[in-house]
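# Coordinates in review
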Amino acid sequence: AKDAGRNTFRFFNQKIHDDSVARMEIERELRGALDRGELQVHFQPLVAARDGRLVGAEALLRWTHPVLGRVPPDRFIPIAEQSGLIVSIGSWVLDQACGHAACWREACGGDFVIAVNVSPRQFATPGLVDTIRACVERHAIPRNQLEIEVTEGLLIRNPGEVREAMLALEAIGVTVALDDFGTGYSSLSYLRAFPFHTIKIDRSFIRDLSDDAEDCALVVAAIRMARALGLRVVAEGVETEVQSRFLAHQESDVLQGYLFGPPIPPEDFVADWVHNPSR
Ligand code: C2E
Ligand code: CA
Ligand code: CA
Ligand code: CA
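Note that the coordinates shown come from a computational prediction; the quantities given were computed from them, not determined experimentally.

### Let's talk about the coordination of the calcium ion (ligand 3)
- Protein coordination of the calcium ion (ligand 3) is provided by D179 (OD), D180 (OD), E236 (OE) and E236 (OE), with donor distances spanning 2.3 to 2.4 Å.
- In terms of primary sequence, the donors binding the calcium ion (ligand 3) are separated according to D-D-x55-E.
- Distance-wise, the calcium ion (ligand 2) is placed 4.0 Å from the calcium ion (ligand 3), both being coordinated by D179.
- Judged by relative accessible area, D179 falls into the buried class, the value being 8%.
- Assessed through its relative accessible area of 27%, D180 is described here as partly exposed.

Dropping the structure here:
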């Protein structure tokens, strides 16, 4: 038993060691990924719940490393965040997203919104609002065509500064969405304290909609509340017709999920969606 304990300990230590080596390797490789052209932005359709029409796209970062292969965002984004690399990578994503949105504007119509994730570190960077304004101007897209997605984690650290930045964005017409809604601690008070335009109901609530009465009740309540506050509601992770019908019936505004389409490269997004917005 004593040996087993020691082995467990050693194994555990080894695991922590492997993990931090892997992290360091990812950080090192990520440093040059942008310059080596290993990063790509994919786009996932956002559709109107009412009629399935294309109303926007979320930009999602992809990294394909020659040796490590496809590294999932949940693996490398936290490392990019901690190392500060997210600031340059994030600006690049923003630029890519706005660039594509500018090309798609005519075909997609005036209400097409491009949604870009901004991490807490990036949001806290001085000059974020200027960067965003410059990007929108450089690509000559209407400011209300860009939506910034943030998570609750951002709001906890520097609520005062974050609120100011959000008001500055609002003043130039760029909207902000609260991502992963329902997964944090006190989403309700945040909705009152910050000028959000949209909530995105986290996919963990959507997943079991058809057989979990409590998740159903929570989603219905979230939609009611958001509508009462004048917020737009996006439901993410919609994978089945049953979920889609339920959410449309409850008057969610926008749906996103594999049922409609996964994130895909811009060329495919053009072929599948931009040329065919009401397919
Ligand atoms: P997120 O912002 O919540 O993005 C939605 C995630 O759900 C994406 O995962 C998307 O591929 C996935 N998804 C969409 N529809 C479905 C569905 O029907 N079922 C399921 N199971 N999943 C679905 P992805 O692309 O792996 O990204 C993971 C997370 O990484 C994102 O979560 C976001 O937090 C972060 N991320 C991705 N791109 C960026 C970026 O450019 N900047 C920053 N700061 N974070 C990013
Ligand atoms: Ca998001
Ligand atoms: Ca989300
Ligand atoms: Ca998430």
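### A short note on the pattern of salt bridges
- If you walk through the whole model with that rule in mind, you get 14 salt bridges.
- In this structure, E137 and R143 form a salt bridge, with 2.8 Å as the shortest nitrogen-oxygen distance.
- Across the pair D208 and R207 runs a salt bridge, and its minimum N-O distance is 4.0 Å.
- Under the relative-accessibility criterion, D208 is labelled partly exposed at 28%.
- If you follow the salt bridges from partner to partner, you end up with R28, E29, R36 and E38 in one network.

### Some thoughts on the site of ligand 1
- In the vicinity of ligand 1 there are 21 residues, among which Q44, R62, R203, E239 and Y258 approach most closely.
- One of the backbone N or O atoms of L61 is found 3.1 Å from a nitrogen atom in ligand 1.
- Taken by itself ligand 1 offers 800 Å² of open surface, and the protein chains cover 86% of this.
- Spatially, ligand 1 is embedded in the largest pocket.
- For the shell around ligand 1, the element with the most residues is strand β2 (residues 54–65), which contributes four residues.
- Residue classes in the shell around ligand 1 are distributed as eight nonpolar, five polar and eight charged.

Criteria and cut-off values
Residues numbered from 1 in each chain as written. Chains lettered and ligands numbered in written order. Predicted model: local features only at pLDDT ≥ 70, side-chain atom pairs only at ≥ 80, totals over all residues. Heavy atoms only, no water. Donors = N, O, S within 2.8 Å, 3.2 Å for Na, K, Ca; no water. Buried < 20%, exposed > 50% of the residue type's maximum accessible area, 1.4 Å probe, protein only. Salt bridge = Lys/Arg side-chain N within 4 Å of Asp/Glu carboxyl O. Near = heavy atom within 4 Å. Polar contact = N/O pair within 3.5 Å; in protein donor to acceptor, adjacent residues only side chain to side chain. Areas by Shrake-Rupley, 256 points an atom, 1.4 Å probe, with all protein chains shown as cover. 1 Å grid on protein atoms, 1.4 Å probe; cavity = no way out; pocket = protein on both sides within 12 Å on 5 of 7 lines; lining within 4 Å. Sits in = over half its atoms within 2 Å of the grid points. Helix = DSSP H or I, 4+ residues; strand = E, 2+ residues; numbered from the N terminus. Nonpolar A, V, L, I, M, F, W, Y, C, P; charged D, E, K, R; others polar.

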